[in-house]
Amino acid sequence: MLLAVAGSAAADDIARGKALFTGEASPPCGLCHTLADAGTEGAIGPVLDDLKPDAARVAATVTQGVGVMPAYAEILPASDIAALAAYVSSATGAQ
Amino acid sequence: MIGQHPINRRKFLLTTGGTAAGAAAVGLMPARALAQAKPLPAYADWKKPDAMIVHTAQTLETTRAGMGSPAITPADILYVRNNLPAPSADITADPDAWEIAFEGVGEPGTMSLGDLKTYGVESIACVLQCSGNGRAFFDHETSGTQWSVGAAGNVFWTGVPLRRVVAAMGGPSASARFLTGTGGETLPEGLDPTTIIVERSVPTSALDVALIAFELNGEPLPVAHGGPARLVVPGYYGVNNVKYIKKIAFTEEESPAKIQQSGYRMRPVGESGAPGQPSMYEMSVKSWVTAPLMDVSSGRVVIQGVAMGGVSAVSGVDVSLDGGGSWKAAEFTGPDLGAYAWRPFELVTDLSVGTHVVASRATNAAGDSQPENFPPNHRGYGNNGWKAHAIELTVS
């Protein structure tokens, strides 16, 4: 299902994902992650350009959290998590 | 010829897509590891690359074959799991100058590692294992590193027994219920520290066995494993063994850090982590096969592996060659290094041509045995089900 969402991701989904990544998610992903497309250089979590997570992996991680990374399930609506998944997987070319 | 691979995991199906020749070698790694053969990160570049799977810069797994079945795991193949990026190795330049603050004791204060050593030094062998070891064998989707068997090792720690230091400082405060250790990683600006600080609380009973460790297998503790000093709680999952230990406090409440409050909590699939759910503290009885050695002409096979008891000494291991239909007692091939250590085992047997599902099932002195299946749980913690850890051996 997530893949279907990512596959049909419209440009606004990607734009929404980028906005969340760089600032609107709280805390923003970029604070902890480096992602060239987003222009972020966070050094707490893995460099997403290297990790190239697919959409399902981004969605699972953002929903559940992992290690010291917060879970966003109760902070972000499912549509935002899908937008992040679409954005990160396309920005890193993983999709 | 002999081929082996772990079974019971959809990911395996992905790994066999390659050539038949490659399948035996690659089948032991989760699919993700294959997709990206990343170099070792600089802070751990002294590890043996062939024995390590680099999941991320902060999560390095020992391969099943690379682990073998040693009584003690050499440091250069020991897994690494850092919750935050490892600090600069500069902090290990002068270990004796490293300072640790003590709070919640009769006379709080700060002591250098050099001073702490004057309270005496002990060594202990124990299993170090990540809570998520075996996560890859669950069928539900889990976030986090997909460890199979290699987020574990059996090592010697040398350090200062915490109980002696605390006794000298007047003992824990009367209201203390938890021993709380804080890691010394530098935290980024702009974030509430409790969201990412590595701070873990364990019951004060851990004081009886806890060490402030400064050596790993007789060598100064490297930064990759928490040097210059690490809190070691024998029998407890890795996360409780706080690296770069900067503060030890006896507290009435558990740490407010997220890693304590909602992280590392055992709960049903679909539930968020919260205080009140069991925290990942004591390890459980577990074993796995690491190698079959085979005399091709006779069909003679030596099944080898490692077995641990958790917090009660491992007392026996049975091996099944038919997926759990029947079991034979294996023999320990290494010394009894105490309740918290693992022991290598082996079973010498003859195998006919065909495919055999080889499983191991350990029992500890308290009478606990590995279950056939460990219940799926949200974060994929604590897997010690024997079925998931079995391998398939093909004799042809």
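This is a predicted model, so every value here is computed, not measured.

The rules behind the values
- Residues numbered from 1 in each chain as written.
- Chains lettered and ligands numbered in written order.
- Predicted model: local features only at pLDDT ≥ 70, side-chain atom pairs only at ≥ 80, totals over all residues.
- Heavy atoms only, no water.
- Contact = heavy atoms within 4.5 Å.
- Buried area = accessible area lost by both parts, 1.4 Å probe.
- Salt bridge = Lys/Arg side-chain N within 4 Å of Asp/Glu carboxyl O.
- Polar contact = N/O pair within 3.5 Å; in protein donor to acceptor, adjacent residues only side chain to side chain.
- Helix = DSSP H or I, 4+ residues; strand = E, 2+ residues; numbered from the N terminus.
- Nonpolar A, V, L, I, M, F, W, Y, C, P; charged D, E, K, R; others polar.
- UniProt positions renumbered as here; feature names shortened; annotations may be inferred.
- Buried < 20%, exposed > 50% of the residue type's maximum accessible area, 1.4 Å probe, protein only.
- Pairing = 2+ DSSP bridges.
- Phe/Tyr/Trp six-rings, centres within 6.5 Å; stacked < 30°, edge-to-face > 60°.
- Axes fitted to C-alpha atoms, helices over the stretch in contact; angles between N-to-C directions.
- Parallel < 35°, antiparallel > 145°, perpendicular 65-115°, else oblique.
- Left-handed = near helix turned anticlockwise from the far one by under 90°.
- pLDDT = per-residue confidence, 0-100.

(A) Seen up close, the interface of chain B and chain A. Facing the 26 residues of chain B at the interface are 21 residues of chain A. Approximately 1,800 Å² of surface area, both sides summed, lies buried where chain B meets chain A, with 58% of it carried by carbon and sulfur atoms. Taken as a group, B:S143, B:L191 and B:K258 account for 23% of the area that chain B buries against chain A, more than any other trio of residues on that side. Applying the counting rule to chain B against chain A returns 0 salt bridges. Where chain B meets chain A, there are 6 residue pairs in polar contact (both at pLDDT 80 or more). Elements with a contribution of two residues or more to the side of chain B that touches chain A: β2 (52–56), α7 (193–196) and α8 (258–261) of chain B. Here the residues of the side of chain B that touches chain A are counted per class, giving 7 nonpolar, 12 polar and 7 charged.

(B) Seen up close, the UniProt feature "domain: Oxidoreductase molybdopterin-binding" (unreviewed entry) in chain B. As annotated by UniProt and renumbered to match this structure, "domain: Oxidoreductase molybdopterin-binding" (unreviewed entry) occupies residues 93–257 of chain B. Along residues 93–257 of chain B one finds 9% helix and 34% strand; the C-alpha atoms at either end are 29 Å apart.

(C) Region of interest: the pairing of strand β8 (residues 152–161) of chain B. Residues and elements named next belong to chain B. Taken across its 10 residues, β8 has 9 buried, putting it largely inside the fold. Pairing geometry for β8 and strand β11 (residues 211–216), over 5 bridges, is antiparallel. Following the sheet pairing, V160 is matched in β11 by I212.

(D) Structural view of the packing of aromatic side chains. Taken as a whole, this structure holds 6 aromatic pairs over all chains when the rule is applied. Where A:F21 meets A:Y87, the ring centres are 6.1 Å apart and the plane angle is 65 degrees; that geometry is what we call edge-to-face. Residue A:F21 is located in helix α2 (residues 11–24), and its partner A:Y87 is located in helix α5 (residues 78–91); the two are separated by 66 residues in the primary sequence. The class of A:Y87 is buried, set by a relative accessible area of 1%. Ring geometry for B:Y79 against B:W147: centres 6.0 Å apart, planes inclined by 80 degrees, an arrangement best described as edge-to-face. Of this pair, B:Y79 sits in the loop between α4 (64–67) and β4 (80–81) while B:W147 sits in the loop between β7 (122–129) and β8, and the two are 68 residues apart along the sequence.

(E) Representation of the sheet that holds strand β3 (residues 59–62) of chain B in the model. Residues and elements named next belong to chain B. Here we have 3 strands laid out as an open sheet, ordered β2-β3-β4, and antiparallel in their pairing. In this open sheet, the two strands that pair with only one neighbour each are β2 and β4. Relative to β4, β3 is paired through 2 bridges, and the arrangement is antiparallel. The residue bridging L60 from the neighbouring strand is V80, located in β4.

(F) Region of the structure containing the packing of helix α4 (residues 55–64) of chain A against α5(A). Residue and element names in this part refer to chain A. For the pair α4 and α5, the least separation of the axes is 8 Å and the interaxial angle reads 135 degrees. Between α4 and α5, the angle falls in the class oblique. The hand of the α4/α5 crossing is right-handed. In contact with A55, V58, A59, V62 and T63 of α4, α5 contributes I81, L84, A85, V88 and S89. For the contact of α4 with α5, the residue count by class is 8 nonpolar, 2 polar and no charged.

(G) The environment of B:A330, seen in detail. All names here are of chain B. Within the secondary structure, A330 is located in the loop between β18 (328–329) and β19 (331–332). For A330, a relative accessible area of 16% gives the class buried. Sequence separation between A330 and R361 is 31 residues, and the spatial gap between their C-alpha atoms is 9.7 Å. In this view, A330 contacts V317, D318, V319, F345, E346 and L347; residues no more than four positions away in its chain are not counted.

(H) Spotlight on the confidence of the model for chain A. Looking at chain A, pLDDT values average 86 and 89% of them are 70 or higher. In this model, residues 1–7 of chain A is a region of pLDDT below 50 whose contacts with residues beyond four sequence positions or in other chains number 7 contacts.

(I) Spotlight on the pattern of salt bridges. Residue and element names in this part refer to chain B. Applying the stated criterion across every chain, the model contains 12 salt bridges over all chains. The salt bridge partner of R177 is E253, with a shortest N-O separation of 3.5 Å. With R177 in the loop between α6 (162–168) and β9 (178–183) and E253 in the loop between β14 (245–251) and α8, this residue pair connects regions lying 76 residues apart in the sequence. R177 sits in the partly exposed class, given a relative accessible area of 45%.

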